Amino acid sequence: MPVFSVIMNCLNGEKFLKKAIDSVYSQTFKDWEIIFFDSGSIDNSVKIASSYDSKVKIFEIENPIPLGQARQEAVDKANGDYLAFLDVDDVWLDFKLELQLQLMKSGDFILSYGASNHIDEKDNFLFKNIPFHKTGKLFTKLLKHNEGNFCTYVIDRKKMISKGISFNPKLRSSCEEDMYIRLLAYEGKGIVTKKIIANYREVQGSVTSINRNIFYDERMTTLNSLRMENPDITTRFIKEFNSAKARAFYYKASYCMDTNKYSDAMLAINEAIKLDKSYRIFTILIKFPFLWNLSHKFKSSLGSFWLFLNLNK
């Protein structure tokens, strides 16, 4: 049985797929398998994956399914002690698995994640994404502010199974965040590295970019799941839970701003303010859309307003 099962979900990912798979084969740590789960690609994705050796285990279905379901079906095929996730347009640095194995074995950790470079479709560097949180109990921290691109995450598969946590098969965009926040509740510990361990590619038409309209709904789904699985969460962690709910309304406001529905954006932000007063600054930005666009376009240099407000108050 391999130490790592590398989960690769694919839907028409031929453009960058070889670079992604090659980055696994370039790892300094060699004890791994790739679970390549294709959800009905009509391009050459499966052909490319098939050109590698038996360490790439290919599973295919005919029609696309929600990402959460595809993630879990791939995980169900895994044999490794640890799960590592690599989407078909991202790339790992060659020491990633070796480093994270050392980190995971250094304590009783459920997961690990780290820093990444954001790159464009031509491999040009955009900015660095350095984790803000520190190693330790990460539940309330990640509940309040999700961070770390999923291509940097490693999960202890046996602990995931023992806690009965799986990907929500109905979620199309935020299934990863949903899974690891529920996995960490309440006392789960994670280890964070500020080293750059992956390149995350920003691609037009990616799952994240085309599903912005459902961010609010999926965030509320996660919070409802947490409340059902942990009935005392709204009393033990009322501040953090309310902040997480406020962020859901921020997602709704962001989508409304993207679609020029400014009055709806203001309504959403007012709901966020009822839960977390730090969101009041967004009422100003909504009144001046060019300021909103400026603050959200240059996140690498200006930072995210809501992150600053919620983590530094």
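Along each chain, the written sequence defines residue order, and numbers are assigned to residues from 1. Totals for whole chains, interfaces and linings use every residue, but because this is a predicted model, local features are given only for residues with pLDDT of at least 70 and side-chain atom pairs only at 80 or more, for both listing and counting. Side-chain metrics rest on all non-hydrogen atoms present in the structure, leaving aside hydrogens and water.

**Student:** How should I be thinking about the overall build of the protein in this particular structure?
**Tutor:** Helix and strand content of the protein: 16 helices and 10 strands. A compact globule built from 313 residues would reach a C-alpha radius of gyration of about 20 Å, and the protein, at 19 Å, matches this within 12%. It only takes one pair of heavy atoms within 4.5 Å for two residues to be counted as in contact. Restricting to contacts in the protein with at least 6 residues of sequence separation, those with at least 24 account for 75%. All accessibility values rest on the Shrake-Rupley procedure with a 1.4 Å probe; residue burial counts only the protein chains present in the view. Summing over all exposed atoms, the protein offers an accessible surface of approximately 14,500 Å²; the carbon and sulfur share of this is 54%. Averaging the positions of the 44 positive and the 37 negative side-chain charges in the protein gives two centres separated by 7 Å. Each helix is a run of DSSP H or I of at least 4 residues and each strand a run of E of at least 2, with the numbering of both proceeding from the N terminus. In this setup the radius of gyration rests on C-alpha atoms only. A globule is expected at 2.2 Å times the number of residues raised to 0.38. His residues and chain termini do not enter the charge count, which takes Lys and Arg as positive and Asp and Glu as negative. The atoms used to mark charge sites are NZ of Lys, CZ of Arg, CG of Asp and CD of Glu.

**Student:** When you look at the nonpolar core in this model, what are you seeing that I'm missing?
**Tutor:** For our purposes a nonpolar core is just a set of buried Ala, Val, Leu, Ile, Met, Phe, Trp, Tyr and Cys residues, chained together by side-chain atoms within 4.5 Å. Partly exposed residues are those whose accessible area sits between 20% and 50% of the maximum for their type, while under 20% is buried and over 50% is exposed, using a 1.4 Å probe and protein chains only. Counting 61 residues, the largest nonpolar core has L111, F139, I155 and M179 as its most contacted members. Once residues lying within four places of it in the same chain are set aside, the contact partners of L111 are M104, L138, Y153, V154, I155, Y180, L184, K189, G190 and I191. Of all hydrophobic cores here, the second largest spans 33 residues; its members include V3, M8, Y52 and I197.

**Student:** Which parts of the structure should I look at to understand the pattern of salt bridges?
**Tutor:** Any two side chains of opposite charge can pair, on the condition that their charged atoms come close. The rule for a salt bridge is simple: a side-chain nitrogen of Lys or Arg has to be within 4 Å of a carboxyl oxygen of Asp or Glu. Counted by the stated rule, this structure contains 17 salt bridges. K158 is paired through a salt bridge with D81; the nearest N and O atoms lie 3.9 Å apart. Remark: D81 occurs in the loop between helix 3 (67-75) and strand 4 (82-85) and K158 occurs in helix 6 (residues 157-162); sequence separation between them is 77 residues. Judged by relative accessible area, which is 53%, K158 ranks as exposed. The partner of D108 in a salt bridge is K159, with the nearest N and O atoms 2.4 Å apart. Within this pair, whereas D108 is found in the loop between helix 4 (96-105) and strand 6 (111-119), its partner K159 is found in helix 6, the two being separated by 51 residues in sequence. A residue is classified by how much of its surface remains accessible, and K159, at 22% relative accessible area, is partly exposed. Put simply, K137, E187, D232 and R236 are held in one network by salt bridges that share partners.

**Student:** Explain the environment of K47 to me, please; I cannot follow it from the model alone.
**Tutor:** Topologically, K47 is positioned in helix 2 (residues 45-50). Measuring from C-alpha to C-alpha, the distance between K47 and E14 comes to 9.0 Å, with 33 residues separating the pair along the chain.

**Student:** Is there a simple way to explain the pairing of strand 7 (residues 125-129) in this structure?
**Tutor:** Within a regular strand, the side chains alternate between the two sheet faces. DSSP bridges decide pairing: two strands pair if at least two such bridges lie between them. Relative to strand 7, strand 6 runs antiparallel, the two sharing four bridges. The residue bridging N117 from the neighbouring strand is K128, located in strand 7. Connecting strand 6 to the next strand, strand 7, in antiparallel fashion are five residues, including D123 with a positive phi near 70°.

**Student:** Sorry, what's going on with the confidence of the model for the protein here?
**Tutor:** It should be kept in mind that the predicted coordinates are not to be read in detail where pLDDT is low. The pLDDT score gives, residue by residue, the confidence of the prediction method on a 0 to 100 scale. Residues with a pLDDT of 70 or more make up 92% of the protein, whose mean pLDDT is 90. Scored below 50 in pLDDT, residues 299-313 makes 32 contacts in the model with residues more than four places away or belonging to other chains.

**Student:** Can you walk me through the side chain of Q27 in this structure?
**Tutor:** In this structure, Q27 sits in the loop between helix 1 (14-25) and strand 2 (32-39). Q27 gets classed as buried once you look at its relative accessible area, which sits at 0%. Polar contacts, as counted here, are pairs of nitrogen or oxygen atoms within 3.5 Å of one another; within protein the pair requires one atom able to donate a hydrogen and one able to accept it, and residues that are adjacent in sequence qualify only if both atoms are side-chain atoms. A distance of 2.9 Å separates the side chain of Q27 from the backbone oxygen of S23, its partner in a polar contact. Setting aside residues up to four positions removed in sequence, Q27 forms contacts with W32, W92, L93, D94, F95, K96 and L97.

**Student:** Help me understand the pairing of strand 4, please; the structure alone is not making it clear to me.
**Tutor:** The alternating pattern of strand 4 places Y82 and A84 on one face and L83 and F85 on the opposite face, and all of these are buried. Here strand 1 (residues 4-10) runs beside strand 4; their pairing, made up of four bridges, is parallel. Across the sheet, the residue bridging to F4 is Y82, located in strand 4. Across three bridges, the pairing between strand 4 and strand 9 (residues 154-156) is antiparallel. Residue Y82 lies in a different strand from strand 9, and its bridge partner there is D156.

**Student:** I would appreciate a short explanation of the packing of aromatic side chains in the present structure.
**Tutor:** Remark: the centre distance and the inter-plane angle together describe each pair of aromatic rings, the angle taken between the planes. Side-chain rings of Phe, Tyr and Trp, where Trp is taken by its six-membered ring, are said to pair if the distance between their centres is within 6.5 Å; with planes under 30 degrees apart they count as stacked, over 60 as edge-to-face, and otherwise as tilted. All told, the structure shown has 23 aromatic pairs when counted by the stated rule. Centroid distance F85 to F150: 4.5 Å. Interplanar angle 35°. Geometry classified as tilted. Residue F85 is located in strand 4, and its partner F150 is located in the loop between helix 5 (139-144) and strand 9; the two are separated by 65 residues in the primary sequence. With a relative accessible area of 10%, F150 lands in the buried category. Seen from their ring centres, Y250 and Y251 are 6.1 Å apart, and the 50° between their planes marks the pair as tilted. A relative accessible area of 17% means that Y251 is categorised as buried.

**Student:** How should unusual backbone geometry be read in this particular structure?
**Tutor:** Trans is the common state for peptide bonds, and a negative phi is the common state for residues other than glycine. For the peptide bond that leads from A185 to Y186, omega is -15°, which places it in the cis range. Here Y186 shows up in the loop between helix 7 (175-184) and strand 10 (189-201). Positioned with a positive phi, D123 is a non-glycine residue whose angle comes to about 70°. Looking at the secondary structure, you find D123 in the loop between strand 6 and strand 7. Overall, the relative accessible area of 38% leaves D123 in the partly exposed class. Positioned with a positive phi, N260 is a non-glycine residue whose angle comes to about 60°.

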